[in-house]
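Commentary on secondary and tertiary structure
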Amino acid sequence: MPPSALQTVRSLKDFAVENAKSARAFLGALGMPVRELNIRTIEEENLLQPLREGRPLGLLSEAGCPAIADPGAALIEAAHREGFRVVPLIGPSSITLALMASGLEGQRFAFCGYVPREPAERARRIRELETRSRKEKETEIFIETPYRSDALLGALLETCNPATKLCVAADLTLPSETIATKAVAQWRRNKTQIGRRPAVFLLLADSR
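Described in the following lines is the structure provided in the data block. (Residues numbered from 1 in each chain as written. Predicted model: local features only at pLDDT ≥ 70, side-chain atom pairs only at ≥ 80, totals over all residues. Heavy atoms only, no water.)

1. What to know about the side chain of Thr 164
Mapped onto the elements, Thr 164 comes out in the loop between α7 (149-159) and β6 (165-170). Under the relative-accessibility criterion, Thr 164 is labelled buried at 1%. When sequence neighbours within four positions are dropped, the list of residues in contact with Thr 164 reads Glu 130, Arg 134, Lys 182, Ala 183, Val 184, Leu 203, Leu 204, Ala 205 and Asp 206. (Helix = DSSP H or I, 4+ residues; strand = E, 2+ residues; numbered from the N terminus. Buried < 20%, exposed > 50% of the residue type's maximum accessible area, 1.4 Å probe, protein only. Contact = heavy atoms within 4.5 Å.)

See the structure below:
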């Protein structure tokens, strides 16, 4: 996170978080007095009370970028309903980082969340996304839980057209980060395993 965002975080006393344990570890690593902070999980009620009392409230996400593929969006919606000002801070988003590094279409893209886990439904969804990508000339972005990343990659290689471009971006921002964009035909020739690493998948169908 940039220094200006960290400075804002350090000025807060109230936080709504996805996971209290990891939030405390993160805030403690910033040198903040964790025991003096009011840290509540987003499942709790009356989370907007600090705002009602005139204090700023921070939303801390496990995803790296609050409300982007993240349950914190509901809290932000509630803040808007009550007329509170919402201020986004710059932070890492695996979705945008993957798109930036993919070399795929960046003018038209869509984040599609998770694909179905059942093989037949998953294949049907992949075909739908590939068709939409071809028609709209649009990059389709989706994710999967780490322990199913290899299964999703296998389904993509089995289902997609050989000319479709596929990017797999794994362990973004970590020392073990890998990002590769190749045609499906190339992926098939070079067998790859992602392992149990968080990954973002990006697909761009050949529109010719």
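2. Overview of the sheet that holds strand β1 (residues 14-17)
On the basis of which strands lie adjacent, the open sheet formed by three strands has the order β2-β1-β3 and parallel pairing. This sheet does not close on itself; its edge strands, each paired only once, are β2 (38-41) and β3 (57-60). Shown here is a sheet whose adjacent strand axes are inclined to one another by a mean of 25°, direction ignored. Here β1 pairs with β2 via four bridges, running parallel. In the sheet register, Phe 15 faces β2, and the bridge partner there is Ile 39. (Pairing = 2+ DSSP bridges. Axes fitted to C-alpha atoms, helices over the stretch in contact; angles between N-to-C directions.)

3. A short note on the pairing of β1
Alternating positions in β1 separate into two faces, Asp 14 and Ala 16 on one and Phe 15 and Val 17 on the other, with burial throughout. Once you follow β1 into helix α2 (residues 20-29) and on to β2, the crossover reads as right-handed. Both β1 and β3 contribute to a ladder of four bridges, which runs parallel. Note that in β3 the partner of Phe 15 across the bridge is Gly 58. (Right-handed = clockwise from strand over helix to strand, strands pointing away.)

4. Focus on the nonpolar core
Across soluble globular proteins, nonpolar side chains show a tendency to be buried alongside one another. Ranked by size, the top nonpolar core spans 21 residues in total, and within it Phe 142, Leu 156, Leu 166, Val 168 and Phe 201 carry the most contacts. Those elements that provide at least two residues to this core are β4 (109-114), α6 (119-136), α7, β6, α8 (184-189) and β8 (199-204). A total of five residues in this core trace back to one element, the largest contributor, which is α7. Excluding its chain neighbours within four sequence positions, the residues that come into contact with Leu 156 are Ile 126, Phe 142, Leu 166, Phe 201 and Leu 203. Leu 6, Leu 27, Met 32 and Leu 37 belong to the second largest nonpolar core, which has 14 residues in total. (Core = buried A, V, L, I, M, F, W, Y, C linked by side-chain atoms within 4.5 Å.)

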